[in-house]
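Spelled out from the first residue to the last, the chains are:
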Amino acid sequence: MTVDIGGAAAALQAADDVLILTHRRPDGDTTGCAGALCRGLRQLGKTAYILPNAEVTKRYAPMITECYPPEDFSPQYIITTDIAEEKLFTDNAEEYKGRVDLVIDHHRSNIGYGRQNLIQTGAGGCAEVVYDVLAALGVRLTQDIAGCVYVGLSTDTGCFKFSNTTAHSHEVAAACLAAGIDGGEINRALFETKSRPRFEMERILFDTMEFLHSGRIALAVLRRADIDRTGADMDDLDSIASLTRQIEGVQVGLTLTENKDGTTKLSVRTTKEVDASAICRKFGGGGHLRAAGATLGAELTTAQAREAVIRAAEEVYEQSGI
């Protein structure tokens, strides 16, 4: 069943013993949403925890690790934040498939797998939706909660540069700043400070990038050998896919990353003329109009994955009618 902000707030007002789930390879939005929602529910006197996520990076861990549950916690109400579909559940969340009480999301590809579904596709980030729910609940926007909301919103809008940024995005950001967060310092940590491994991976990305379709498609492959050699981790690779789209004339940026398990991660970033999610849906993935992702199976070599992705991108590009 689809619900609005008021309906979601009413459901949460009646809920207790809450467990909040985040998605695989967690980003700032899923962790920021979970962190803000958990702290907000606790402010209302409710028992709320966040399911541990083994893949969370050091950049986002502080928002959720202090909310991990004790071993004897038995959840009665399950919430997902920024999880477009159940296949994005972490391994330890498998038991909650088919048991989600409230889905809070903003992805167009979300068909609504919860008992109640709050999906606002016009939001710049899921954090905007969580902020509205917390406001409807009467939660006081503390500095801790505001920090989580701001991280989620800032990362999903590319520090408010992406086309998904709305007037409401700025209104929510303003409320977070008014609550006392240091937005400049958060943005510096998220977008300006880079580790040596990150610099090395960016150098490799630019050195090996290919330009296809008369320069309108850029393709980068991040090899496992290079990732291991530089010592880069998931935190170092966060948002690196956006670099392919920053080159003048490129309308489709494709980044393939070799995973440890032999699969290949596809990240797609596009300009406003091309639907990134349409490319990723060809491989069972999805996401937003301008930013989407998918995972190609280990049965494909990187070379085969590269060819398949190029074909898919060219097909969607041609269909865009540019």
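Placed above this text is the structure.
The rules behind each value
- Residues numbered from 1 in each chain as written.
- Predicted model: local features only at pLDDT ≥ 70, side-chain atom pairs only at ≥ 80, totals over all residues.
- Heavy atoms only, no water.
- Helix = DSSP H or I, 4+ residues; strand = E, 2+ residues; numbered from the N terminus.
- Buried < 20%, exposed > 50% of the residue type's maximum accessible area, 1.4 Å probe, protein only.
- Expected span 1.5 Å × (residues − 1).
- Contact = heavy atoms within 4.5 Å.
- Arc of directions from axis to C-beta.

The next thing to look at is unusual backbone geometry. Glycine aside, negative phi is the norm for most residues, and most peptide bonds take the trans geometry. A positive phi angle is found at F160, which is not glycine, with a value near 70°. Relative to the assigned elements, F160 resides in the loop between α5 (143-156) and α6 (167-178). The exposure class of F160 is buried, given its relative accessible area of 17%. Although it is not a glycine, S239 sits at a positive phi angle of roughly 65°. Structurally, S239 can be placed in the loop between α10 (234-237) and β8 (252-258).

Attention now moves to helix α12 (residues 302-319). For α12, spanning 18 residues, the distance from its first C-alpha to its last is 26 Å, which sits close to the expected 26 Å at 1.5 Å a residue. All of the buried residues along α12 are T302, A305, A308, V309, I310, A312, A313, V316 and Y317. On its buried face, α12 sits against β6 (210-212), β7 (217-222), β8, β9 (264-270), α11 (276-281) and β11 (291-296).

As a further point, take helix α8 (residues 196-208). Every α-helix carries 3.6 residues per turn, so stepping three or four residues along brings you back to the same face. Between the first and last C-alpha of α8 there are 18 Å, a value that for 13 residues agrees with the 18 Å anticipated at 1.5 Å per step. Taken together, the buried positions of α8 are occupied by P197, R198, M201, E202, I204 and L205. Down the axis, α8 shows its buried residues gathered within 160° of arc, on one side only. Seen from the open side of α8, the exposed residues pointing more than 90 degrees away from its buried face are R196 and D207. Tucked into the core, α8 has its buried residues touching β7, α9 (224-230) and α10.

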